[in-house]
Each structure stands twice: as structure tokens, then as C-alpha cells.
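Spelled out from the first residue to the last, the chains are:
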Amino acid sequence: MTDNHGHADGRRSHSRRGYLGALLGGGAAVLGGGRVGAVGEDETNEKYKRKRGEKAGGTSTDDFVFEPTTVVAERIREGELSPVEVVDAFLERIDERDDELNAFITLIPERARAEAKQAERALERGDDVGPLHGVPFAIKDRQRLEGVRFTDGFLALEDNVAEETDPEVQAFLDAGAIPVGKTNTPEGGYMGKTDNLLIGPTPTPFDLELNAGGSSGGSAAAVADAMLPFATGTDGAGSIRIPASFTNTYGLFPRIDDPGEFGTGNTYFQPSVSTRTVADAALTLSAMYEYDGTEELRTDYRAALTDDVDGLSIGYDPGLSTYPVDRRVRDVVDEAVGTITEEGATVESTEVDLGQSYEEFIDAVWIVWTTSYAELAQNHMEEHGIDVLGEDRDLYPDPLLDIIETGFAYREDGEIRDDALAKTIEARSRAYAGLQAALEEYDLVATATLSVPPFPNDVLGPTEVDGVDVHPVVGWLITTVCNMTGHPAASVPAGLTADGAPVGLQLIGPSHDDRTIVAASAAYERVNPWHDDHPRPSSEVAEERGDHRRETGH
């Protein structure tokens, strides 16, 4: 079988094997009421349907690739679009764009087209179909789809094939969505940018020299560039929200019903989605939970779209009084956060006390981070017979090897040392108490999603922010606080820097309450609609950058 890129078995070729070894050593990503007259999902769909015929970016593909998931799904159900037509158009868009974006590790076009024909016949028969019937989507390659290559971003697993399907992926299949491929991710999701030894980096569509963020960067970039209506992802340290900030997309870290005991990495890991609108997230997350075998929907995300936010109080602290924040980010977020007041919410500056210094918190994050990847290395040995720190170490990037070795130093007899565990529990407990105190005063807390705007593809991460030395992997991820505490959070597009790089605004909610976050996100989007802010063609960006360099002599 050959994919649209001409690679056998849907594979992408190795493009940058070995380059990460030259980078700095670093770390790993593991880690209401109804509003009268509010714009809901149905009204939003009508808005975008009226705008059909307006193409973006000069593409030759059909206009509907730029429409929201909600609109595409509705038009398929109404018979305006056929699943075959839709899948073909998105595969064409992928073929046009992915040589630049490198968003896919594996494509399965033959399977997608076969399922599209089945979906079309179901509509012709008048079958009762799911809410995402005929809608193509992609799956982050940290998640499994039975019978399809599953690399988790590792060169060492380039020939691995999944023997089962993850529950959240199966939920989308049951809802009628059609998988077209697997998206790029750093090895095991170990860092907040998307790059690996398998196929190389995925840039943000807004500037091909800058990274899309990680670890769900392939999914976010594909969605941002209209290669797909939505894509799956996971969030263990911000891995949905980081690329949302870097690609001008929406990403929600959903509520955790049972966070378990503090101190273990798997207590704050959640599946989620990358979308271009809040309504798209509400539709797809509803499908993900409705079709996962639970008896009732955990959160009524779609109803939240029209929840009244009049009087909703938001406390704004861009770095949670802990993280340094780049001035370019602060300027964008400072301007964006107050606009939600047009929907009746209130915003005021505050200071959140996480009960510890920046250095103390990052040290605790590093323990969770490194011990999680030591465990992953042990699993690779046991499940795949791969000697990560021995004869097979050349299949792993040097920064990840450093992380794994550090993690083993924190372990004893196969478990995290008691002193290290105690340190993480203390840090997480203090951060939890600090956020809870702020959320007793305000309905939501707003921050910058990240300390920095997108950075170059060949940089591991920033080492200095606003005059403060930071760890290049974990030191700029404001998102990680919520994973450490279990609070739900979302990244909404805040705008662009003067250089045209996307910046995210993070909304944090009380434990178990992601409905308020979705309601506030929808209200913010009504004031600041971003769906049509498509990336400019890369040729324009390159030409503009060249003009700037000629003018400045740099």
C-alpha cells in the first residue's frame, strides 16, 4: 500500500535522524444557566455556512476544508456533502500541505476511502448515524488504532503495529468519524515541542521556522492548517494546550474525576482533542465521552456553549506569580484577557500563591518527569526487548537519554525513592492549595498558556525568560501546574505577536468543573472569533522575514 506521499505502508521517510543529539540536555513531557440571545452551535453553523465560497490561502481544495467540524458534520448529515467527497478533499489538502508541515507519521488513505464509501452507503440507506458520521480525523501517534503502525514517536518502534484500539479512539470510531492517519509527536511525548528521530520536526503553520509545540503538535498543526476538522491528542504536562498556544487552536485539559494520590505521573494524564473552535471541542469531546461506555455524559459540553457568563469573575495572573513571562507574550495576553468583559464577565489582576519558589516547583516537576521516563524505558525493555541505555541507545535522542538516566537515579528497587516522592507530593499539595484559594475568590483564573511564544525548530527550548534562567524543557510550561494539581484548563487563542507568532491565554477552573471553562471560552470566542485566522502561505512569511532582515541588516 502506498500513501499520498509515495511512501510504502503509509510511512514517512526519516528526515533528520540524529540531529537532537547536538541539542542541550533536558527534560520530558509526562507529565452556568442559558444566556438569552447567545451565539450557540446552531447559529455558529449558519454563520459559517453563509460564508461558503470564500477560500483561504489560495488552495485548490474544496472550501469546506476550512469550515468547523460542526458544520462539516451537519452538512454530511443533511446530504449536502458526501463522506467520500469530504475524505477525498482532506486527503488532497494533506497532500498539498504536509511536505511543509510534516504533521503525519503514518497515513492510511485506502482505509479512509473505503470507510467513506461505507459511510455514504449508510446515509443512502437512511441508517441512524453518529454525530461525527463521515467526518475525517487523525490520531496522535501516542494513541493506538488496531492494525495501524504505532510508533509513539520512537525510531525504535518504527515497525510496531497496534494490537488494540485505545478507548477514546474507539469512541470516535463509534461516533462515525473516519481515521486518515497518525500525527507526529516527540518520543513518548517527552518535551513541549514536536520533533523526533523518526521524521523530524513539525512547525507551526504560522511560521515554518518555528515549532508547533508538543507533544500533540502534529495534531494541532494539521488542524490549524485545515488538513483535518479535528484530531486527537493527550495532555500530561500541557501537551494539548502547548501546541494550541503555538498554532492558534483550542485545547482543553478536561476535568479529572479521580486524581488519585499526588506524586504519580499517571494521575494527571488526559486524552483530549485539537480543534479550531470551542463548539468543535464541545462536539468532539461529547462524542468521546458519550461513546466510551459510561452511562451518562460527564460534562454537557455542548450546553456549556450558551451558558450565561454575566457576572463570572476571573482573576488574572499571567505567570501564577511563579513563572517568568516573555514580554511579547505578556503584551498579547494583557490585551486579550479583558475582552471577555464584553460578555458580562469581570476580570481583575491578582496574585496566586503556589506556596513555593519557582525553583522548588520546577525541581518537583523534574522528579515526576524523569521518573516517568525511567519507567517508560523499563517498559520498552520488557515489552519490546529494547535496551534503551545500552546497545539501542542510538535510537533515542540524547536529551531523552539524560532524562531517563536522571529518572533511574531517583528510583530504588523499581520505585521512586521515598524522599523524592515526598518532595513531589509537597509541591503538588502546595500548588493545589494555592490554586484552590484563588478559585474560592474567583470563578476562573487566567494566565498565559506558556512563558514564551513559538521558538525555532532546532532549539530544545528557551534557557532564559524575562531575565530568569529556565530549564529548556520544563521551565516555561505554565500548563504543567494544572497537571500537577488536577485542575482543568484550556488554552484559547489570544492573538499574535508583532512577528506574527501565535500566543495562548489559559483559563483554569475549579477541580471537576470544566463546564465553566468551556462556557467562558465560548464567550471569549464570541468577542474574539479566531476560526478564520488561517496561517499565511509560508512564501509570504519568508518574503516578509527577508525584507525585515534586509532592512535591519540581520
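Residues numbered from 1 in each chain as written. Predicted model: local features only at pLDDT ≥ 70, side-chain atom pairs only at ≥ 80, totals over all residues. Heavy atoms only, no water.

Moving on to the overall build of the protein chain. Within the protein chain one finds 16 helices and 17 strands. A burial count over the protein chain gives 62% of its 554 residues as buried. Carbon and sulfur atoms provide 43% of the accessible area of the protein chain, an area that totals close to 20,000 Å². (Helix = DSSP H or I, 4+ residues; strand = E, 2+ residues; numbered from the N terminus. Buried < 20%, exposed > 50% of the residue type's maximum accessible area, 1.4 Å probe, protein only. Areas by Shrake-Rupley, 256 points an atom, 1.4 Å probe, with all protein chains shown as cover.)

Bringing the sheet that holds strand β8 (residues 270-275) into the picture now. One open sheet holds the 11 strands; their spatial order is β1-β3-β2-β6-β8-β7-β16-β17-β13-β9-β10, and the pairing between them is mixed. Among the strands making up the open sheet, the edge pair consists of β1 (104-107) and β10 (346-349). On average, each strand axis in the sheet is inclined to that of its neighbour by 30°, with strand direction left out of account. Here strand β2 (residues 136-140) pairs with strand β6 (residues 230-235) via 2 bridges, running parallel. Across the sheet, F137 pairs through a bridge with F230, a residue of β6. Across the sheet, helix α8 (residues 278-290) is in contact with β6, β7 (250-253) and β8; its angle to β8 comes to roughly 145°. (Pairing = 2+ DSSP bridges. Axes fitted to C-alpha atoms, helices over the stretch in contact; angles between N-to-C directions. Contact = heavy atoms within 4.5 Å.)

Further remarks concern unusual backbone geometry. Cis geometry is found at the peptide bond from G214 to S215, where omega equals 5°. Tracing the sequence through the fold places S215 in the loop between β5 (207-211) and α6 (217-224). Within the chain, D152 stands out as a residue other than glycine whose phi angle is a positive 55°. As for its placement among the helices and strands, D152 is situated in the loop between β2 and α5 (167-174).

Sizing a probe to match a water molecule and rolling it over the atoms shows the empty space that remains. Empty space within the largest cavity amounts to approximately 60 Å³. What lines the largest cavity is a set of 10 residues, and nearest its centre among them are A224, N248, R276, H531 and D533. (1 Å grid on protein atoms, 1.4 Å probe; cavity = no way out; pocket = protein on both sides within 12 Å on 5 of 7 lines; lining within 4 Å. Points joined across faces, edges and corners; volume = space filled by probe spheres on them.)

So, on to the pairing of strand β3 (residues 178-183). Looking along a regular strand, one sees the side chains alternate between the two faces of the sheet. Of all 6 residues in β3, 6 are buried; the element is thus mostly enclosed. The pairing of β1 with β3 spans 3 bridges and is antiparallel. Bridged to F104 within β3 is T183. Note that β2 and β3 share 5 bridges and pair parallel. Across the sheet, P136 pairs through a bridge with I178, a residue of β3. Taking the sense of rotation as the criterion, the β-α-β connection linking β2, α5 and β3 turns out right-handed. (Right-handed = clockwise from strand over helix to strand, strands pointing away.)

A cluster of acidic residues, D62, E85, E92, D95, E96 and D99, forms a negative patch on the protein surface. In this fold, E85 is placed in helix α3 (residues 83-101). Judged by its relative accessible area of 32%, E85 is partly exposed. (Patch = residues over 30% accessible without salt bridge, like charges linked within 9 Å, V, L, I, M, F, W, Y side chains within 5 Å. Salt bridge = Lys/Arg side-chain N within 4 Å of Asp/Glu carboxyl O. Lys, Arg positive; Asp, Glu negative; His and termini not counted. Charge placed at Lys NZ, Arg CZ, Asp CG, Glu CD.)

The next subject is the nonpolar core. Across soluble globular proteins, you tend to see nonpolar side chains buried next to one another. Among the nonpolar cores identified, the biggest contains 121 residues, and Y250 and W369 are the most heavily contacted of them. Ranked by the residues each element gives to this core, the list is headed by helix α11 (residues 358-384), at 11 residues. Formed by 18 residues, the second largest nonpolar core is a distinct cluster that contains L107, A112, A116 and A222. (Core = buried A, V, L, I, M, F, W, Y, C linked by side-chain atoms within 4.5 Å.)

The next point concerns the environment of D310. With respect to the helices and strands, the residue D310 is situated in the loop between α9 (301-304) and β9 (313-316). Sequence-wise, D310 and A345 are 35 residues apart; in three dimensions their C-alpha atoms are separated by 5.2 Å.

This part covers the packing of aromatic side chains. Within the structure shown, the criterion is met by 12 aromatic pairs. Aromatic side chains F137 and F230 sit 5.3 Å apart centroid to centroid with 10° between the ring planes, which places their arrangement in the stacked category. A residue pair is termed long-range when its members are at least 10 positions apart, and F137 in strand β2 and F230 in strand β6 qualify at 93 residues. By relative accessible area, F137 is classed as buried at 0%. Residue classification places F230 among the buried residues on the basis of a relative accessible area of 0%. Judged by centre distance (5.6 Å) and plane angle (80°), the rings of Y323 and Y358 are edge-to-face. Within this pair, whereas Y323 is found in the loop between β9 and α10 (327-337), its partner Y358 is found in helix α11, the two being separated by 35 residues in sequence. With a relative accessible area of 5%, Y323 lands in the buried category. According to the relative accessible area criterion, Y358 is buried, its value standing at 9%. Of the aromatic side chains, those joined through ring pairs into one cluster are F137, F172 and F230. (Phe/Tyr/Trp six-rings, centres within 6.5 Å; stacked < 30°, edge-to-face > 60°.)

Before going further, it helps to examine the packing of α3 against helix α4 (residues 109-125). Two elements in contact, α3 and α4, have axes separated by 7 Å at closest approach and are oriented at 155°. Viewed along their axes, α3 and α4 adopt a mutual orientation that is roughly antiparallel. Residue-level contacts link P83, V84, V87, D88 and L91 of α3 to P109, A112, R113, A116, K117, A119, E120 and L123 of α4. A breakdown of the residues in the contact of α3 with α4 according to their chemical character gives 9 nonpolar, no polar and 4 charged. (Parallel < 35°, antiparallel > 145°, perpendicular 65-115°, else oblique. Nonpolar A, V, L, I, M, F, W, Y, C, P; charged D, E, K, R; others polar.)

Overall, the coordinates contain 22 salt bridges when judged by the stated rule. In this structure, E100 engages R97 in a salt bridge whose closest nitrogen and oxygen atoms are separated by 2.6 Å. Taken together, the positions of E100 and R97, both in helix α3 and 3 residues apart, correspond to about one turn of that helix. The class for E100 is partly exposed, based on a relative accessible area of 35%. Between R111 and E115 there is a salt bridge, with its nearest N and O atoms 2.9 Å apart. With R111 and E115 both in helix α4 and 4 residues apart, this pair spans about one turn of that helix.

Here we take up α5. Within α5, the full set of buried residues consists of E168, V169, A171 and F172. Summarising the axial view, the buried residues of α5 lie within an arc of 155°, below the 170-degree limit, and thus occupy one face. Among the structural elements, β2, β6, β8 and α8 are those in contact with the buried residues of α5. Positive phi shows up at G176, right after α5, with a value of about 100°. (Arc of directions from axis to C-beta.)

Turning our eyes to something else, we now look at α3. Structural remark: α-helix, 3.6 residues per turn; residues separated by three or four positions point the same way. Helix length check: α3 (19 residues) gives 25 Å between terminal C-alpha atoms against 27 Å at 1.5 Å per residue, within 8%. In the structure, α3 departs most strongly from a straight axis at D95, where the bend amounts to approximately 35°. Following α3 by one or two positions, N102 adopts a phi angle in the positive range, close to 55°. (Expected span 1.5 Å × (residues − 1). Bend = angle between axes of the 7 residues up to and from the residue.)

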